[in-house]
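Chain by chain, the residues run as shown.
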Amino acid sequence: MVSRIHLGHVFHLAGAPLVTDAANALVSIPDGALVIGDDGRIAFCGERAGIPSQYQSAPTSDHRPGYLLPGFVDTHVHFPQTYAGDSYGGGQLLEWLTLCIYPSESRFADENVAAQAAIEFCNRRIAAGTTAAMVFGSAFPHAQDALFTETQRRGLRIVSGRGIQTTGPAAAARLFTSEEDAIRLTREEIDKWHAADTGDVKSARLHVAIVPRFSLAVTTQTLKGLGELYDSVRDRGVYFHTHLNENNRPGTGEVDATKERYQVNSYLDTYDGKFLPGSAVGGSSLLGRRSIMAHSVHCQDVELERMAETGTSISHCPISQQFLGSGTMPWLRTVASGVNISAGTDFGGGDEWLIPQVIGAAFKVHISEPGAAGVSMHPAEMLFIGTLGGARALDMEDRFGNFDVGKEADFVVIDPSRTPALQAALTYGARSDDAVMARDQTLFALLMGIRETSIAETYVQGRRLQ
Ligand SMILES: [Zn+2]
């Protein structure tokens, strides 16, 4: 690969800000240029007029008047729900799982269904500009093989692991394994696919996670076994991913059901090694800087503090929370804890593949929070949870997430002309006389208005994905 220049309006968050400092880190370069080196890394990000002389003769892709944004990072999406978007079953989380999701996921027992879904899943990711993702996997090893194989072939990044389930309702029976197989199959997946593409976790695009569906789907024996397994693979850069505090409908919600089953003080304790009655220690913690908790809508302060302390991240999934009636993660209280927040589609609990739609939903739900909790997210905060915060959640912020020189060049090209409503808003929308406010207004209109049609090109490590 030779060096290449990409021209367009650049937006990104420079450096390594916290979400609370995203506005100060926001970079907007209307007549901007990205120069991608022959190593697939960012060699230059700045004004077109300032391209260093050694690159000026490089071939140029002129995307003007389009936009260049960091690739979107989806930190919670379900591969075996590829065909389960907009599933109607009546009821909230636990009813929907039983009536819609367990039957859908069970179909992946068929190798042809799984192989076809792997292609569709990668198609949707590339179309949505989702360059990196934490992918909740299928229970079936052949389906995970199909997913990793297709993901590698297409050039996407992935962290994924088979969905572990050792107990649950009869509708999920095909997804269960024995206690021994739960550990054995997870270990085999790690050995087969973790950094399988390059052999080095630091350069790999394929990574494996340990992924129990949630505490209700496993037992204390499973949690103990997974803790031992995680202890044995932490130093290899393996991840942990699951659901936390998603639905708290009184009496029948997942939060109450979990606390009742385990007799613990907090839901998080079940993942923190404290899964015995009274939150007594029964095994090793699964938390850490490569652990992502999806949802975290109904957390106690002590849970948020523990996640922040351990470097565990939240995947915030507001579209899913609307779809399943799960409530709203309190934005200000969650941010105040210091925990890192990223964005997840939770497809098919959410019914959108696009991270820009997720961060648009985040804006809408947080401005609608009651009283003083209601807040207008800054567009830089929205960009943060969809890009840099996601890279941080995946513990790969040093590799991608923004356009700092030396990072691997993951980016999307937004062409508003492919989406007339977006183009009209960007062309004719009124803007403030204040330059900073005008910049923020343009970014907001862009993020809110992006649809799948708007995403013209998707790049990972400087290579365009097809
Ligand atoms: Zn989910």
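Residues numbered from 1 in each chain as written. Predicted model: local features only at pLDDT ≥ 70, side-chain atom pairs only at ≥ 80, totals over all residues. Heavy atoms only, no water.

### Focus on the coordination of the zinc ion
Point 1. Around the zinc ion, the protein supplies His-76 (NE2), His-78 (NE2), His-243 (NE2) and Asp-346 (OD) as donor atoms, at distances of 2.1 to 2.2 Å.
Point 2. Taken together, the four donor atoms coordinating the zinc ion span angles of 85 to 173° at the metal, a pattern that classifies the geometry as irregular.
Point 3. When the donor residues of the zinc ion are listed from N- to C-terminus, their spacing reads H-x1-H-x164-H-x102-D. One end of the pair, His-76, is in strand 5 (residues 72-78); the other, Asp-346, is in the loop between strand 13 (340-343) and helix 11 (355-367), with 270 residues separating them in the sequence. For the pair His-76 and Asp-346, one class covers both residues: buried. (Donors = N, O, S within 2.8 Å, 3.2 Å for Na, K, Ca; no water. Tetrahedral: all angles 85-135°; square planar, octahedral: opposite > 155°, others 65-115°. Helix = DSSP H or I, 4+ residues; strand = E, 2+ residues; numbered from the N terminus. Buried < 20%, exposed > 50% of the residue type's maximum accessible area, 1.4 Å probe, protein only.)

### Observations regarding the environment of Asn-248
Point 1. By the element assignment, Asn-248 lies in the loop between strand 10 (239-244) and helix 7 (254-262).
Point 2. Residues Asn-248 and Gly-325, 77 residues apart in the sequence, show an inter-C-alpha distance of 9.7 Å.
Point 3. In this structure Asn-248 touches Gly-253, Val-255 and His-298, once residues within four positions along its chain are discounted.
Point 4. A polar contact is formed between the side chain of Asn-248 and the side chain of His-298, at a distance of 3.4 Å. (Contact = heavy atoms within 4.5 Å. Polar contact = N/O pair within 3.5 Å; in protein donor to acceptor, adjacent residues only side chain to side chain.)

### Things to note about helix 6 (residues 220-233)
Point 1. For helix 6, built from 14 residues, the straight-helix expectation of 20 Å at 1.5 Å per residue is met to within 8% by its first-to-last C-alpha distance of 20 Å.
Point 2. Buried within helix 6 are the following residues: Thr-222, Leu-223, Gly-225, Leu-226, Gly-227, Leu-229, Tyr-230 and Val-233.
Point 3. In the core, the buried residues of helix 6 are packed alongside strand 8 (163-164), helix 5 (179-193), strand 9 (206-212), strand 10, helix 7 and strand 11 (291-295).
Point 4. Its side-chain oxygen at 3.2 Å from the backbone nitrogen of Gln-221, Thr-219 defines the N-terminal cap of helix 6. (Expected span 1.5 Å × (residues − 1).)

### Thoughts on the side chain of Ser-106
Point 1. Note on placement: Ser-106 falls in helix 2 (residues 93-106).
Point 2. Within the structure, Ser-106 has its side chain in polar contact with the backbone oxygen of Tyr-102 (distance 2.7 Å).
Point 3. Sequence-distant contacts of Ser-106, that is, excluding residues within four places in its chain, are made with Phe-140, Ala-171, Arg-174 and Leu-175.

### Description of unusual backbone geometry
Point 1. Along the chain, Arg-64 connects to Pro-65 via a cis peptide bond; the corresponding omega equals 0°.
Point 2. Looking at where Pro-65 falls in the secondary structure, it is placed in strand 4 (residues 60-70).
Point 3. Cis peptide bonds are those with omega within 30 degrees of zero, and the linkage from Phe-347 to Gly-348 qualifies with 0°.
Point 4. Mapped onto the secondary structure, Gly-348 falls in the loop between strand 13 and helix 11.
Point 5. The backbone of Asn-245 shows a phi angle near 45°, a positive value even though the residue is not glycine.
Point 6. Position of Asn-245 among the secondary structure elements: in the loop between strand 10 and helix 7.
Point 7. Positive phi, normally seen in glycine, also occurs at Gln-461, with a value near 50°.

### Some remarks on the pairing of strand 9
Point 1. When you tally the buried positions in strand 9, you get seven out of seven residues, the bulk of the element.
Point 2. In strand 9, alternate side chains face the same way, and those of Leu-206, Val-208, Ile-210 and Pro-212 on one face and His-207, Ala-209 and Val-211 on the other are all buried.
Point 3. Pairing between strand 7 (residues 158-161) and strand 9: three bridges, direction parallel. Bridge assignment links Ser-160 to a residue of strand 9, and that residue is Val-208.
Point 4. Sheet analysis places strand 8 next to strand 9, joined by two bridges and oriented parallel. From the neighbouring strand, Gly-163 faces strand 9, where its bridge partner is Val-211.
Point 5. In the classification by handedness, the crossover that spans strand 8, the intervening helix 5 and the parallel strand 9 is right-handed. (Pairing = 2+ DSSP bridges. Right-handed = clockwise from strand over helix to strand, strands pointing away.)

### A closer look at the domain arrangement of the protein chain
Point 1. Assigned domains within the protein chain: domain 1 (4-70 + 403-464) and domain 2 (72-368).
Point 2. Here domain 1 and domain 2 have C-alpha centroids that lie 31 Å from each other.
Point 3. Tallying the contact residues gives 19 residues for domain 1 and 20 residues for domain 2.
Point 4. Here domain 1 meets domain 2 over a buried area of about 1,700 Å², counting both sides, of which 62% is carbon and sulfur.
Point 5. It is Met-448, Glu-452 and Val-460 in domain 1 that bury the most area against domain 2; as a group they hold 28% of the surface buried on that side.
Point 6. Here domain 1 is connected to domain 2 by three salt bridges.
Point 7. Across the salt bridge formed by Arg-157 and Asp-410, the nearest N and O atoms sit 2.6 Å from each other. (Domains from an automatic or database assignment. Buried area = accessible area lost by both parts, 1.4 Å probe. Salt bridge = Lys/Arg side-chain N within 4 Å of Asp/Glu carboxyl O.)

### Some thoughts on the sheet that holds strand 2 (residues 26-36)
Point 1. Read across the sheet, seven strands follow the order 3-2-1-4-14-15-16 without closing on themselves; strand pairing throughout is mixed. The sheet is open, and its two edges are formed by strand 3 (42-47) and strand 16 (463-464), each paired on a single side.
Point 2. By the bridge criterion, five bridges tie strand 1 (residues 4-13) to strand 4 in an arrangement that is parallel. The residue bridging His-6 from the neighbouring strand is Ser-61, located in strand 4.

### Topic: the packing of aromatic side chains
Point 1. Under the definition given, this model contains eleven aromatic pairs.
Point 2. Ring centres of Phe-79 and Phe-108 lie 5.2 Å apart, and the angle between their planes is 85°; on these two criteria the pair is classed as edge-to-face. Residue Phe-79 is located in the loop between strand 5 and helix 2, and its partner Phe-108 is located in the loop between helix 2 and helix 3 (111-128); the two are separated by 29 residues in the primary sequence. In this structure, Phe-79 and Phe-108 share a single accessibility class: buried.
Point 3. Three or more aromatic residues joined by ring pairs make a cluster, and in this case those are Phe-79, Phe-108, Phe-121, Phe-347 and Trp-353. (Phe/Tyr/Trp six-rings, centres within 6.5 Å; stacked < 30°, edge-to-face > 60°.)

### Details of the pattern of salt bridges
Point 1. With the rule as written, the count across this model stands at 27 salt bridges.
Point 2. With a closest N to O distance of 4.0 Å, Asp-39 and Arg-41 form a salt bridge.
Point 3. The partner of Glu-309 in a salt bridge is Arg-306, and the shortest N-O contact between them spans 2.4 Å. Of this pair, Glu-309 and Arg-306 both sit in helix 8 (residues 301-310), three residues apart, which is roughly one turn of the helix.
Point 4. You can call Glu-309 exposed: its relative accessible area is 60%.

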